[in-house]
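Chain residues, written in single-letter form:
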Amino acid sequence: MNNNNKKDVIDLRLLWAKIKERKRLFYITLPIAFVLSSLYILCIPRSYDTDVKLAPETESPLPGGALGSLASSFGFDLSNIESTDAISPLLYPDLMDDNGFVSKFFNFKVVSADGTINTNYHDYLLKHQKAPWWSNLIEWVKSLFPKKEEGVSSDGQYNPYVLSRTEDELIKKIQGNVKLSTDKKTGVITIQVRDQDKLICKTIADSICSQLQEFITNYRTNKARIDLKYYTKLAADAKLDYERARQRYGSYSDSNMDVVLESYRAKQEDLENEMQLRFNAYSAINTQLQAAKAKVQERTPAFTILKGAEVPVKPSAPKRMIFVLGMVFVAAIGTVFYIIKDEFFIK
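Residues numbered from 1 in each chain as written. Predicted model: local features only at pLDDT ≥ 70, side-chain atom pairs only at ≥ 80, totals over all residues. Heavy atoms only, no water.

**Student:** Before we go on, may I ask you to explain the layout of surface pockets in this structure?
**Tutor:** Unfilled space is identified by rolling a water-sized probe across the atoms. Looking at the largest pocket, its volume works out to about 830 Å³. Taken together, 25 residues line the largest pocket, and the ones lying closest to its centre are Ser135, Glu139, Lys142, Glu169 and Lys173. Listed by contribution, the elements that provide at least two residues to the lining of the largest pocket are α7 (121–127), α8 (133–143) and α9 (165–177). Broken down by element, the residue count for the lining of the largest pocket peaks at six residues, all from α8. (1 Å grid on protein atoms, 1.4 Å probe; cavity = no way out; pocket = protein on both sides within 12 Å on 5 of 7 lines; lining within 4 Å. Points joined across faces, edges and corners; volume = space filled by probe spheres on them. Helix = DSSP H or I, 4+ residues; strand = E, 2+ residues; numbered from the N terminus.)

**Student:** I would appreciate a short explanation of the pattern of salt bridges in the present structure.
**Tutor:** Note on pairing: side chains with opposite charge can pair once their charged atoms come close. All chains considered together, the criterion is met by nine salt bridges. The salt bridge partner of Glu274 is Arg248, with a shortest N-O separation of 2.9 Å. Linking Glu274 in helix α12 (residues 262–299) with Arg248 in helix α11 (residues 222–255), this pair joins segments that are 26 residues apart in sequence. Overall, Arg248 belongs to the partly exposed group, its relative accessible area being 39%. (Salt bridge = Lys/Arg side-chain N within 4 Å of Asp/Glu carboxyl O. Buried < 20%, exposed > 50% of the residue type's maximum accessible area, 1.4 Å probe, protein only.)

**Student:** Explain α11 here, please?
**Tutor:** Along an α-helix, residues three or four apart share an orientation, since each turn contains 3.6 residues. Over its 34 residues, α11 extends 50 Å from the first C-alpha to the last, a length consistent with the 50 Å expected when each residue adds 1.5 Å. Of the residues making up α11, those classed as buried are Ala224, Ala235, Ala238, Tyr242, Ala245, Tyr249, Tyr252 and Ser253. (Expected span 1.5 Å × (residues − 1).)

**Student:** Is there a simple way to explain the nonpolar core in this structure?
**Tutor:** One recurring pattern in soluble globular proteins is that nonpolar side chains are buried together. Counting 33 residues, the largest nonpolar core has Phe105, Tyr121, Ile174, Ile191 and Leu212 as the members making the most contacts within it. For this core, the element with the most residues is helix α10 (residues 198–220), which contributes eight residues. Beyond its immediate sequence surroundings of up to four residues, Phe105 is in contact with Met96, Tyr121, Ile174, Ile208 and Gln211. If you look at the next biggest cluster of nonpolar residues, it comprises six residues, including Ala245, Tyr249, Tyr252 and Leu271. (Core = buried A, V, L, I, M, F, W, Y, C linked by side-chain atoms within 4.5 Å. Contact = heavy atoms within 4.5 Å.)

**Student:** Mind showing me how you'd approach the packing of aromatic side chains here?
**Tutor:** To describe a pair of aromatic rings, you give the distance between the ring centres and the angle between the ring planes. Inspection of the entire model under this criterion finds nine aromatic pairs. Between Phe101 and Phe215, the aromatic rings sit 6.1 Å apart at their centres with planes inclined by 75°, giving edge-to-face as the arrangement. Here the residue Phe101 occupies a position in helix α6 (residues 99–102), and Phe215 occupies one in helix α10, the gap between them amounting to 114 residues. Judged by centre distance (5.3 Å) and plane angle (55°), the rings of Tyr242 and Phe279 are tilted. Residue Tyr242 is found in helix α11, and its partner Phe279 is found in helix α12; the two are separated by 37 residues along the sequence. Its relative accessible area of 16% is what places Tyr242 among the buried residues. Connected via pairs of aromatic rings, a cluster forms that spans Tyr40, Trp133, Trp134 and Phe323. Stacked on the ring of Tyr338, the Lys or Arg Lys341 has its end atom at 4.0 Å from the ring centre. (Phe/Tyr/Trp six-rings, centres within 6.5 Å; stacked < 30°, edge-to-face > 60°. Lys NZ or Arg CZ within 6 Å of the ring centre and 35° of its normal.)

Take a look at the structure:
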């Protein structure tokens, strides 16, 4: 019984001796791993990261006083409970899943850091992206078997929800390069952008920040702007009716200035009363119009840029040194396992 237990014990000194005996194998595997991993990682284009932190104005203050502060410390935002907005700040990151929102990025104007690229974001993603040589080879092979591009709507207009294969790939590439997140405690929106050019990376971050502000503003003021448009039309119609009534009264008064008949005076009074009613209606609607304008301004949120996008100094990916060292380490572990596998499986 004791003899069987002794046979099951792995002698580490014996394993170390076998590794030292075949140490020349490391002189082959490690350099090969170093060279191959270096060649691979050098073909991967470098990319840069930057981010923007945006704090939009909330519609209502945090309710509940101390209770609200306590809930906020545990990650619960009670302000969304009493808010009348259907879209809370926590849902803003979901905008990146909407093709209509993302497709607007195509029109952003971008200029590379060296000035050689000056175009829109759509053409930049389509024509000016660096890729490893095997990706270009795959694309060349695919070009030999072209597929029919579909995605144009029936009326011939561009529809972000009916995309061609190429446009769909560009949308997915943007969704992979841009990340939106919202802090549940503070409500701060963070926009993270990754791109192959450091200046374009900053430009896209700033442009997305501006578009997000525009979206939030349009959403918050949508009802107020509809009311403003309605009261503007009412005020214009009321003003036109008042001017017509005033012209009728003035024309009738001028043409019957010396007439003293009661029938003429009664009609003149009727025209004057109608003119006064039209003026009162126009005055009341104009008051509502001014209130609607103030409502639009009241509903327009204010934004605070807590952290602006900066031009990154160093690339963020790929981590070439870490990758090469990691591959060399994996090769070393694999070589050790290869050397001791017989002894390991026997035991």
